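# Inside the fold
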Amino acid sequence: GNVKMKDLLQVLFPGHMQGDIYDLPTEAQREYVKRDLGLANQNYFDRDNLDIEELKKFARFDENSKSAEYPDGSTEAVTARQPRMIHGMAFYGLEGNVYERIKDWYSNSLSGGVDPKGPPSGSRKVKLGGSWNSSAEQLRTGARKDAWLGGGYDLGFRLVRTRP
């Protein structure tokens, strides 16, 4: 019974401790990670300042997602590309492959301030990061989109663990 569940949690979530809380990241939390990488607040419309070859090391997007088997493009395993390293921890798939569903409800504008939160309710969630069929510009931090609650062929999620 209980021992097997503990073992399963350790396999699924290495380092899991009793009381850990798992949730989707907020838009502010994701922005914080991107800021640590020096990738926040980039002008994603400025293609001239994008290093496409460098981006290909970390992200799957429209320029590197096509193959003979999938001529229109496809996803890949989350660990297929190099991770972004933050304080010695590996973060895979921060850009491209699949959009990341965010906890916040979508609004056309952000509230601003420290640790801003989205509106208290809505019909769509925020999605960030671009996908396998996105242009390089759409992988930038500022490229926010809205996602229907039902999901989609290019949408995934990441869990954030907090400890009380």
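A quick note: this is a predicted structure, and the numbers were derived from the prediction, not measured. Each residue is numbered by its place in its chain's sequence as written, counting from 1. With pLDDT at 70 or above as the cut-off, local features in this predicted model cover only qualifying residues; side-chain atom pairs require 80 or more to be listed or tallied, and sums for whole chains, interfaces and linings still use all residues. Calculated side-chain values reflect all of the structure's heavy atoms, with hydrogen atoms and water omitted.

### Some thoughts on the pattern of salt bridges
The test is simple: Here, a salt bridge means any Lys or Arg side-chain nitrogen found within 4 Å of an Asp or Glu carboxyl oxygen. Think of it this way: any DSSP run of H or I at least four residues long counts as a helix, any run of E at least two long counts as a strand, and we number them from the N terminus. Buried means the residue's accessible area, taken with a 1.4 Å probe over protein chains only, is under 20% of the maximum for its type, while exposed means over 50%, and partly exposed covers the values in between.
Inspection of the entire model under this criterion finds 11 salt bridges. With its nearest N and O atoms 2.6 Å apart, the salt bridge here joins E27 to R144. In this pair, E27 sits in helix α2 (residues 27–36) while R144 sits in the loop between β5 (124–128) and β6 (145–148), placing the two residues 117 residues apart along the sequence. Residue R144 is classed as buried on the basis of its relative accessible area of 18%. Here E95 and R84 are joined by a salt bridge, their closest N and O atoms 3.0 Å apart. Of this pair, E95 sits in the loop between β3 (89–91) and β4 (99–105) while R84 sits in strand β2 (residues 84–86), placing them 11 residues apart in sequence. Note on E95: relative accessible area 4%, which makes it buried. What you see here is one network of salt bridges that share partners, running through R30, E100 and R158.

### Describing the side chain of E76
What counts, and what does not: We call two N or O atoms a polar contact when they sit within 3.5 Å, provided that within protein one can donate a hydrogen and the other can accept it, with sequence-adjacent residues counted only if both atoms are side-chain atoms. Throughout, a contact is declared for two residues whenever any of their heavy atoms are within 4.5 Å.
In this fold, E76 is placed in the loop between α3 (52–58) and β2. At 2.9 Å, the side chain of E76 forms a polar contact with the side chain of R60. In contact with E76, other than residues within four places in its own chain, are R60, R81 and N97.

### Some points on the packing of aromatic side chains
Filter applied, for reference: Aromatic pairs are defined between Phe, Tyr and Trp rings, using the six-membered ring for Trp, whenever the two ring centres lie within 6.5 Å; interplanar angles under 30 degrees are classed as stacked, those over 60 as edge-to-face, and all others as tilted. Criterion for a charge above a ring: Lys NZ or Arg CZ within 6 Å of the ring centre, and within 35 degrees of the ring normal.
Scanning the entire structure with this criterion turns up 2 aromatic pairs. It is R84 that lies over the ring of F58; its NZ or CZ is 3.8 Å from the centre. Just above the ring of Y99 sits the side chain of K127; from NZ or CZ to the centre is 4.3 Å.

### Re unusual backbone geometry
You will see that H87, though not glycine, has its phi angle at about 50 degrees, which is positive. Relative to the helices and strands, H87 is located in the loop between β2 and β3. Positive phi values are uncommon outside glycine, yet N97 reaches one of about 65 degrees. Topologically, N97 is positioned in the loop between β3 and β4. For N97, a relative accessible area of 10% puts it in the buried group.

### Quick look at the nonpolar core
For soluble globular proteins, the rule of thumb is that nonpolar side chains tend to be buried together. So the rule is basically this: The term nonpolar core refers to a set of buried residues drawn from Ala, Val, Leu, Ile, Met, Phe, Trp, Tyr and Cys, joined through side-chain atoms within 4.5 Å.
Membership of the largest hydrophobic core is limited to 7 residues, which are L50, I52, L55, A59, F61, A136 and L139. L55 has contacts with F61, R84, E95, A136 and L139, leaving out every residue within four places of it along the chain.

### Quick notes on the pairing of β5
Selection rule: Should DSSP find at least two bridges between two strands, the strands are regarded as paired.
With respect to burial, β5 is a largely interior element, 4 of its 5 residues being buried. Of the pairings in the sheet, the one linking β4 to β5 comprises 3 bridges and is antiparallel in character. Among the inter-strand pairings, W105 is bridged to a residue of β5, identified as K125. Looking at chain direction, β5 and β6 are connected through 4 bridges and run antiparallel. Note on β6: the bridge partner recorded for K127 is K145.

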